[in-house]
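Per-entry structural report
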Amino acid sequence: MESASPRVATLVALALASGFIALTAQAYMELRIGPVPITGQTLSVLLVGAALGSRLGAAAVLLYLAEGIAGLPVFSGGNSGWAYFAAGPTGGYLVGFVAGAFVTGWLCERGWDRHVLLTALAMVIGNVAIYIAGVVRLADFVGWDAVWAAGVQPFLAGAAAKIALASGLLPGAWKLRAWLLGGNDSPRM
C-alpha cells in the first residue's frame, strides 16, 4: 500500500481491524450460567492492540463499537444498537475491549512483543482490563456474589487458548501492519 496516503492506509487498517473484531464476535456460544456468551472477540481485540499499538488498537475497537451502536449487526449473535451496548449485561465487556486493546498495545510498544511469553503476559493484562470493566456492569444483572461464576470463571480456559493463538498470530499481523502502514513490523515507539 505504498502508493496510498498514510491517512488512507490508516483508515484501511482501522476498517480491517474492526471487521476482524466483528467477524470474531459471530463465533459465539451462549452459556446457561449467565447472560454473557463466549466469543472470539477477546482474541481479535488483544491481537489488534498488539499489532496496531495502543492508539490505533483502541481506535479500531472504538470504530467497531460505533458500528454496532449505529445499528450494524457486529456485536455477538448479530446484535446491535445503543440499547444492547448501554443497557445489556455485555456492555461492560464491550467498553473493556477499548482498555484491553490499549493496554496490550501500550505494553507491546514498550517491547513486550519481542518474546512470546511477554506477549502472552501483555495479553493477559489486557484481558484483565476487559474483565474488570465487564464484571462491573455484569454485577448489575447477576449481583456481585455471582460475578465470578457468571462472568469470569467460565471464560478462563478459553481466554488462555485465545491468548496462545493471538500470540502465535502476531508475527503475521505485524507483516500485515507493515504492508498497510509501512515502516517496521512492530508498533513500538
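What comes next is a walk through the structure.

Quick notes on the rules
Residues numbered from 1 in each chain as written. Predicted model: local features only at pLDDT ≥ 70, side-chain atom pairs only at ≥ 80, totals over all residues. Heavy atoms only, no water. Helix = DSSP H or I, 4+ residues; strand = E, 2+ residues; numbered from the N terminus. Rg over C-alpha atoms; globule rule 2.2 N^0.38 Å. Contact = heavy atoms within 4.5 Å. Areas by Shrake-Rupley, 256 points an atom, 1.4 Å probe, with all protein chains shown as cover. Lys, Arg positive; Asp, Glu negative; His and termini not counted. Charge placed at Lys NZ, Arg CZ, Asp CG, Glu CD. Expected span 1.5 Å × (residues − 1). Bend = angle between axes of the 7 residues up to and from the residue. Buried < 20%, exposed > 50% of the residue type's maximum accessible area, 1.4 Å probe, protein only. Core = buried A, V, L, I, M, F, W, Y, C linked by side-chain atoms within 4.5 Å.

1. With respect to the overall build of the protein
- What the protein contains, in helices and strands, is seven helices and two strands.
- Order of helices (α) and strands (β) in the protein, N terminus to C terminus: α-β-β-α-α-α-α-α-α.
- Radius of gyration (C-alpha) of the protein: 16 Å, near the 16 Å computed for a compact globule of 189 residues.
- Each of the three principal axes of the protein carries a C-alpha extent, and together these read 50 × 35 × 20 Å.
- A sequence separation of at least 24 residues applies to 67% of the contacts in the protein between residues at least 6 apart.
- On the protein, roughly 8900 Å² of surface is accessible, and the fraction owed to carbon and sulfur atoms is 69%.
- Placing the 10 positive and 8 negative side-chain charges of the protein at their respective mean positions leaves the two points 6 Å apart.

2. Examining helix α4 (residues 91-109)
- Between its terminal C-alpha atoms α4 stretches 28 Å, which fits the 27 Å expected from 19 residues at 1.5 Å a residue.
- Within α4, the axis deviates most sharply at F97, by approximately 25 degrees.
- α4 sits mainly inside the fold: 14 of its 19 residues count as buried.
- At the exit of α4 stands G111, carrying a positive phi of roughly 95 degrees.

3. Here we look at the nonpolar core
- Core analysis: the largest hydrophobic core is formed by 47 residues, its most contacted members being V61, Y64 and L65.
- Broken down by secondary-structure element, the contributors of at least two residues to this core are α1 (6-25), α2 (41-69), α4, α5 (116-142), α6 (147-151) and α7 (156-181).
- Filtering out sequence-adjacent residues up to four positions away, L65 remains in contact with F75, F85, L94 and V98.

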